[in-house]
Structure formats: C-alpha cells, structure tokens
Amino acid sequence: MGYLLGVDLGGTKIEVGVVSREGVLGQRLRVPTPRGQGTAAVVDHIRAAMGEVLRRAEVAWGALDGVGVGAPGPLDRQAGVILEAPNLPELNGFPLAAALAEGGVPLYLENDANAAALGEYRFGAGRGSADLVYVTVSTGIGGGIILGGRLYRGVSGTAGEVGHTVVEVEGPPCACGSRGCLETLASGTAIARQAAAALAAGRESVLAAEGLDAAAVYRAAGAGDVLAREITERAGYYLGVGISNLINLLNPERVILGGGVVQAGRDLFDPVERAVRERALKVPAAACRILPAGLGQDAGVLGAAAVVLEQAG
Ligand SMILES: [Zn+2]
C-alpha cells in the first residue's frame with residue numbers, strides 16, 4: 001500500500017506530511033515560507049522539507065502514490081501553474097508542479113480551499129457524505145464543493161468562492177470589486193474592522209484598539225462584552241445567510257465550517273443556525289447538518305494528500 005505526501009503551501013508557512021491512504025498523518029515538518037527571497041528560495045524550501053520528511057519516515061520516493069500540493073489563489077491545475085498568489089507574489093505564473101516533481105511520482109496542484117474540502121470529505125467531518133460544502137472562515141472566506149463524491153471545480157476551476165457571494169446588496173465594498181460579499185461581513189478581517197470602527201465611534205467595550213483581531217473579539221464576546229457579542233452575532237448571522245443560499249442552491253447533506261475564526265468562535269454556530277432556520281427553504285435545511293471541521297490544524301496537509309486520492313479516482 002502506497003503513501004501520500006501532502007504539501008500545504010501558505011504565505012507564512014510550508015507544511016509537509018506523510019499520510020497513509022486512510023488519512024493517518026505520520027512524519028510532518030513545518031518551515032517558515034521564505035518571503036521576498038525569490039522563487040528559487042520557495043522551491044528549495046519545499047523540496048528540502050519534502051526530502052527531510054520522507055527521510056524521517058523512511059519512505060522512498062518510489063513508495064509514494066503521489067504528491068498533493070495545496071496552494072492559495074487561482075491556479076491552472078493542468079499546467080501546474082499558480083496564476084496568482086496574493087501572499088506569495090514570487091510564485092505568480094510560476095510552473096510550480098514541474099519544479100517540484102521528483103522521480104516520476106505524480107504531483108498535483110490544487111487550490112487550498114478545494115484541498116481542504118477534499119480532506120474533510122475523505123478523512124474528516126465529511127466522511128460518509130457524497131454532497132457537501134466546506135466553508136473556511138479566517139482572514140477571508142473560501143470554500144469547496146463536493147457533489148456526487150467529486151470535487152466540483154466549474155469550467156475555469158474557480159467554483160466554491162463562497163466568500164464572494166453577495167449577502168447585502170448595498171454592503172461594504174469588497175476587494176473583488178463587488179459590494180456586500182459574505183467576506184466583507186463575516187470574515188475575521190470584517191469582524192476586526194467592525195470592532196475597530198465601533199471603538200473609534202466611542203462604543204464602550206473591554207476591547208482595545210491595539211492588537212484587535214477576530215480572536216480577541218470572540219474572547220470578549222465569550223466574557224459577555226455587549227459590543228463584541230453584537231459583532232460576532234451579526235457576523236454569524238450573515239454567515240448563516242450565505243449558507244442558506246448554498247443550502248437552497250445545492251441541497252447538500254453537510255455544510256462543514258473550518259478556518260481560524262471557526263476554531264476561535266464555537267458560539268458562531270448559534271447565529272448561523274438561527275439564520276438557516278429563518279432563511280433557508282425547509283426541506284433542504286432539514287436534510288442538512290452544519291458541522292465543525294474535523295481535521296483542525298492538520299486540515300492543510302491532509303487536504304493536500306487527499307488531492308492525490310481524488311486524482312486517482
Ligand atoms: Zn467579493
């Protein structure tokens with residue numbers, strides 16, 4: 001039985017792990033992403049981390065069924081090229097898959113949110129369900145869609161951009177050029193921005209303007225701070241409105257919520273479920289369970305490994 005190698009490439013860290021076909025994570029290694037040092041430095045760091053993890057695991061390249069690489073931003077999967085990496089511009093347009101391939105082992109590049117969706121489907125909270133939507137809420141909001149047991153990519157490979165579905169027509173401007181995208185109202189960035197604006201307007205709160213982030217707002221909400229509760233409840237409600245749209249559109253069996261904000265704010269599920277009760281159609285809502293992601297910190301590496309299984313059928 002072969003092994004999978006998962007590579008989670010992020011703007012701040014590169015994580016590599018050896019994974020069994022059943023999703024058991026063995027040896028793993030995390031190294032900082034060398035930012036601003038050029039393309040070759042990034043490639044060298046990934047290659048060195050892959051080699052080191054395989055050495056520690058005593059697994060030869062030839063024993064691998066494949067390597068999966070999860071990377072941020074839109075990419076050309078067939079060509080193995082990252083088209084645009086917002087946090088890692090040195091890789092824009094770079095043929096990463098060719099640069100990382102070794103010893104004839106197949107290597108697959110996939111968008112990180114799609115990879116995480118595949119990871120939850122194969123190894124996590126999505127096991128046993130063929131129709132699910134994975135939504136990740138962190139600084140931004142992303143997602144991946146599994147339909148009939150296959151990742152749904154769309155014609156250009158961009159499907160699953162849950163964060164850029166509009167939930168408030170006249171809402172705040174979004175970096176994508178639209179307004180009122182879910183990401184502008186419910187992401188970690190949006191939560192921190194709303195808290196900062198309320199403090200600047202003189203609202204009373206235990207929150208301090210310095211070091212303000214979504215985790216701090218969730219901590220304050222948990223301690224009963226009125227302003228923080230207001231902000232997190234509203235963000236959760238908007239997330240629930242976005243999920244109601246997904247439920248009405250796709251009739252999934254599960255919606256799985258992951259990402260840093262979900263880990264920080266488990267209270268998030270109450271307003272999400274309230275919004276779904278109030279906004280989604282009754283039949284698909286009754287058929288859908290909204291669950292926290294099951295893979296936690298390991299989602300990136302396990303998701304990247306799951307990409308290999310998706311490709312192998
Ligand atoms: Zn947008």
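Residues numbered from 1 in each chain as written. Predicted model: local features only at pLDDT ≥ 70, side-chain atom pairs only at ≥ 80, totals over all residues. Heavy atoms only, no water.

Colleague: Please clarify how the domain arrangement of the chain should be interpreted in this entry.
Modeller: Interface size is commonly expressed as the accessible area that is lost once the parts come together. Annotation of the chain at the domain level lists domain 1 (3–120 + 298–311) and domain 2 (127–293). Of note, the centres of domain 1 and domain 2, computed from C-alpha atoms alone, are 27 Å apart. At the junction of the two partners, domain 1 supplies ten residues and domain 2 supplies 15 residues. Across the domain 1/domain 2 interface, buried area totals approximately 1100 Å², and carbon plus sulfur atoms make up 49% of it. Broken down residue by residue, the surface that domain 1 buries against domain 2 is led by Asn114, Glu120 and Glu310, which jointly contribute 53%. Where domain 1 packs against domain 2, one counts two salt bridges. Between Arg150 and Glu310 there is a salt bridge, and its shortest N-O distance comes to 3.8 Å. (Domains from an automatic or database assignment. Contact = heavy atoms within 4.5 Å. Buried area = accessible area lost by both parts, 1.4 Å probe. Salt bridge = Lys/Arg side-chain N within 4 Å of Asp/Glu carboxyl O.)

Colleague: Whenever I open this one, the coordination of the zinc ion confuses me. Can you help?
Modeller: Taken together, His164 (ND1), Cys174 (SG), Cys176 (SG) and Cys181 (SG) make up the full set of protein donors to the zinc ion, lying 2.0 to 2.4 Å away. Angles of 102 to 121 degrees at the metal separate the four donor atoms of the zinc ion, which places the site in the tetrahedral class. Coordination of the zinc ion draws on donor residues from a single chain, spaced H-x9-C-x1-C-x4-C in sequence. In this pair, His164 is assigned in the loop between strand 10 (150–152) and helix 4 (182–186) and Cys181 in the loop between strand 10 and helix 4, connecting sequence segments 17 residues apart. For His164, a relative accessible area of 30% puts it in the partly exposed group. (Donors = N, O, S within 2.8 Å, 3.2 Å for Na, K, Ca; no water. Tetrahedral: all angles 85-135°; square planar, octahedral: opposite > 155°, others 65-115°. Helix = DSSP H or I, 4+ residues; strand = E, 2+ residues; numbered from the N terminus. Buried < 20%, exposed > 50% of the residue type's maximum accessible area, 1.4 Å probe, protein only.)

Colleague: Sorry if this is basic, but what is going on with the pattern of salt bridges here?
Modeller: Side chains that differ in charge, positive against negative, can pair when their charged atoms come close. By the definition in use, this model includes 14 salt bridges. Note that Glu15 and Arg30 form a salt bridge whose closest N and O atoms lie 3.3 Å from each other. Of this pair, Glu15 sits in strand 2 (residues 13–20) while Arg30 sits in strand 3 (residues 25–32); the two residues are 15 residues apart in sequence, bridging distant segments of the chain. Judged by relative accessible area, Glu15 falls into the buried class, the value being 3%. Look at Arg30 and you get partly exposed, because its relative accessible area is 47%. A salt bridge links Arg21 to Asp65; the nearest nitrogen and oxygen atoms lie 2.5 Å apart. You can see Arg21 sitting in the loop between strand 2 and strand 3 and its partner Asp65 sitting in strand 4 (residues 64–71), a full 44 residues away along the chain. A relative accessible area of 31% means that Arg21 is categorised as partly exposed.

Colleague: I keep staring at the sheet that holds strand 4 and nothing clicks. Help me out?
Modeller: Strand pairing in a sheet relies on backbone hydrogen bonds, with the paired strands running either antiparallel or parallel. Overall, mixed pairing links the five strands, which are arranged 3-2-1-4-7 in an open sheet. The open sheet has two edge strands with one neighbour each: strand 3 and strand 7 (107–111). Geometrically, the sheet is characterised by an average inter-axis angle of 15 degrees between neighbouring strands, direction not taken into account. Pairing of strand 4 with strand 7 involves five bridges; the strand directions are parallel. Paired with Ala71 across the two strands is Asn111, which belongs to strand 7. (Pairing = 2+ DSSP bridges. Axes fitted to C-alpha atoms, helices over the stretch in contact; angles between N-to-C directions.)

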